[in-house]
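These are the residues of each chain, in order.
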Amino acid sequence: MASSTTGEKKILTLKGGDNEEFILEESLVLQSELLKNMVKEERVSSIPLPSIKSKTLVKIIEYLKKHAELTPSNKEEFKNFEKEFVNVVLEELLDITVAVNYLKINGLLEFCCQAVADRIKDKSVEAVRKIFRIESDFTPEEESEFRKETPEAFEGDLDDTTN
Amino acid sequence: MKEVDGQRDSLPHDVMIDILKRLPVKSLMRFKCLSRTWCDVIYSVDFISIHYNHDCLSNYFTLFKRFIKIDGNDSIYYGNNMLSFHSNDESFKTIASNIEYIDNYIGVSIVGPCNGIVYISSYRSTALYNPTLREFFELPPSILPHSPDLSPVIELNTCVIMTMGIGFDPNTNDYKVIRILIPFHEYEWEDTDNYYKLVSKVEVYNLSTNSWRKIEDLQCLVDPWRCFNVLINGAFHWRGTNLSPAGDNWIVSFNFSTELFQNILFPEGLDIEPCKSLVVLNESLALICYTNIFYPQNVVTCQSIDIWLMKKYGVRESWIKEFTVGPMVIETPLSVWMNDVELMIESNNGKLASCNLFCGEFKDLNMSGDPNTLEIVVCKESLISIKKEREKWS
């Protein structure tokens with residue numbers, strides 16, 4: 001299947017999980033290792049991404065556009081954009097991180113993982129369980145044993161919020 | 001990992017690792033009780049190594065050691081050796097103060113770190129210590145003659161001079177400690193013609209066997225001075241000397257895999273300069289040359305210092321004078337921290353300060369100890385448990 005073109009720019013359609021379509025220049029998606037391989041090897045013009053929510057895809061496309069415009073002179077502006085980019089509720093940040101990992105956008109993945117780490121590092125065990133939707137499979141006795149092992153890890157002001 | 005409402009697929013394993021490796025050990029020690037999956041990941045050998053090798057400034061902290069005399073007593077041996085933890089940020093904030101290791105003998109030394117583990121030795125006992133996990137592992141007594149069980153207060157005239165090092169042998173995955181003893185009591189100091197006959201006794205400890213063994217004598221003396229011991233390239237480095245009238249000295253290295261000593265020469269012309277500190281800077285051996293100034297009270301004397309880097313390990317011709325810093329009030333250069341940008345020094349009167357190698361900015365760190373007793377070990381957070389390493393072998 002040949003890609004459609006306007007002038008010299010190739011156009012590509014990405015289909016999000018809820019079938020919403022996003023039309024963008026092919027050059028933008030080349031930042032994703034996964035999409036780059038699909039485009040180069042199979043010459044597709046439409047790529048379904050059923051595992052990625054449209055809301056998440058909108059954010060990622062926004063990043064791809066900004067990143068493509070990055071020059072030495074607007075570095076500061078880009079840094080501010082990045083800061084704002086991860087300034088979303090944790091739930092959404094995790095969705096983005098997982099999608100970015102799937103799409104293999106390496107620079108952004110690192111940035112997202114660091115942002116998640118910064119956000120959870122001072123959180124309580126209960127909060128992190130809620131965030132990652134984990135049910136404890138330790139007995140209360142085992143858990144209190146952990147607390148006794150390294151009491152300093154449970155000291156200080158721990159954050160109980162999940163966002 | 002069980003999903004509570006299945007809205008999101010569970011976190012892919014590699015994303016989980018990528019997030020966890022960026023967390024401080026304090027958070028990881030809390031999150032290990034999230035679930036068995038998280039606990040297994042955090043304690044896995046692979047993850048421990050990924051976490052240790054992830055480089056980020058906030059993973060570093062400093063161990064600060066000083067000696068404090070107890071008021072009203074003039075004996076130089078009466079006081080406390082204090083060890084405290086400090087953050088690696090601009091503030092040099094105290095994380096834990098004076099609680100980790102307190103010993104009222106003067107002979108407490110710390111060397112390292114090696115993979116986040118240091119070796120602590122006092123006249124009473126010796127131990128491996130992981131400051132991140134606050135884990136002590138006491139070692140069996142020395143096998144060398146004149147084992148340092150003696151209190152220097154009682155046996156001052158047989159004071160034992162001991163130099164130490166800690167390292168890791170990647171061929172056998174074994175942690176090792178080396179101790180070098182100068183058997184001063186065996187020598188006749190009037191016999192100056194025989195300086196070349198001076199030898200040091202050497203013993204090596206293996207964590208794999210949890211025991212010491214004697215190895216071949218070292219054909220020179222090793223200076224036990226606190227600011228000249230460095231681990232790099234799988235070898236420990238100290239200053240060697242033969243006490244010859246010419247005052248020759250050089251770098252002695254001990255490779256933890258081959259267990260061989262080697263001599264590394266200083267830059268040409270600096271062999272007999274007395275005042276040198278050895279540190280690691282830009283992943284190279286770095287030699288700091290300065291002048292020893294006696295600071296009379298209330299007189300402030302400044303000096304510039306030169307820093308030489310050995311660009312190619314072991315090659316004398318590769319020494320290059322990389323920085324000249326100062327002038328500043330410096331008694332002893334201690335260590336380099338903050339991504340190889342700041343040099344920590346002992347300023348006059350036992351005050352701790354730091355100096356930026358690039359802009360020369362001088363900062364008082366608001367800490368002090370007895371003059372000439374300050375020591376700084378820059379450590380990286382490490383999940384490596386000495387007890388678990390030991391269990392591998394038993």
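Residues numbered from 1 in each chain as written. Chains lettered and ligands numbered in written order. Predicted model: local features only at pLDDT ≥ 70, side-chain atom pairs only at ≥ 80, totals over all residues. Heavy atoms only, no water.

Naming follows an unreviewed UniProt entry, where chain B appears as F-box protein cpr30 of Nicotiana attenuata.

Chain A is annotated in an unreviewed UniProt entry as SKP1-like protein of Nicotiana attenuata. Within the UniProt record for chain A, the comment given under Sequence similarities (unreviewed entry) is "Belongs to the SKP1 family." (UniProt positions renumbered as here; feature names shortened; annotations may be inferred.)

A separate point is helix α5 (residues 90-103) of chain A. Here α5(A) spans 20 Å end to end across 14 residues, near enough to the 20 Å set by a 1.5 Å rise per residue. Looking only at α5(A), the buried set comprises Leu90(A), Glu92(A), Leu93(A), Leu94(A), Asp95(A), Ile96(A), Thr97(A), Ala99(A), Val100(A), Asn101(A) and Leu103(A). Packing partners of the buried residues in α5(A) comprise α2 (33-42), α3 (54-68), α4 (75-85), α6 (106-120) and α7 (125-132) of chain A together with α1 (13-20) of chain B. Trailing α5(A) by a residue or two, Lys104(A) shows a phi angle of about 55°, which is positive. (Helix = DSSP H or I, 4+ residues; strand = E, 2+ residues; numbered from the N terminus. Expected span 1.5 Å × (residues − 1). Buried < 20%, exposed > 50% of the residue type's maximum accessible area, 1.4 Å probe, protein only. Contact = heavy atoms within 4.5 Å.)

What follows is about helix α3 (residues 36-43) of chain B. Among all positions of α3(B), only Trp38(B), Cys39(B), Val41(B) and Ile42(B) are buried. The buried side chains of α3(B) occupy one side of the element, clustering within an arc of 165° when seen end-on. (Arc of directions from axis to C-beta.)

Bringing the UniProt feature "domain: F-box" (unreviewed entry) in chain B into the picture now. Mapped onto the present numbering, the UniProt feature "domain: F-box" (unreviewed entry) falls on residues 11-51 of chain B. For residues 11-51 of chain B, the end-to-end C-alpha separation is 18 Å, with 73% helix and 0% strand making up the annotated structure.

A word on the packing of aromatic side chains. Counting across every chain of the model gives 19 aromatic pairs over all chains. Ring geometry for Tyr63(A) against Phe78(A): centres 5.9 Å apart, planes inclined by 55°, an arrangement best described as tilted. Of this pair, Tyr63(A) sits in helix α3 while Phe78(A) sits in helix α4, placing them 15 residues apart in sequence. Each member of the pair, Tyr63(A) together with Phe78(A), is buried. Arranged with centres 5.5 Å apart and planes meeting at 55°, the rings of Tyr63(A) and Phe85(A) form a pair that is tilted. Of the two residues, Tyr63(A) is situated in helix α3 and Phe85(A) in helix α4; the sequence distance between them amounts to 22 residues. Exposure class is identical for Tyr63(A) and Phe85(A). Each is buried. Taken together, the ring pairs connect Tyr63(A), Phe78(A), Phe81(A) and Phe85(A) into an aromatic cluster. Above the face of the Trp212(B) ring, Arg179(B) is positioned so that its terminal group lies 4.5 Å from the ring centre. (Phe/Tyr/Trp six-rings, centres within 6.5 Å; stacked < 30°, edge-to-face > 60°. Lys NZ or Arg CZ within 6 Å of the ring centre and 35° of its normal.)

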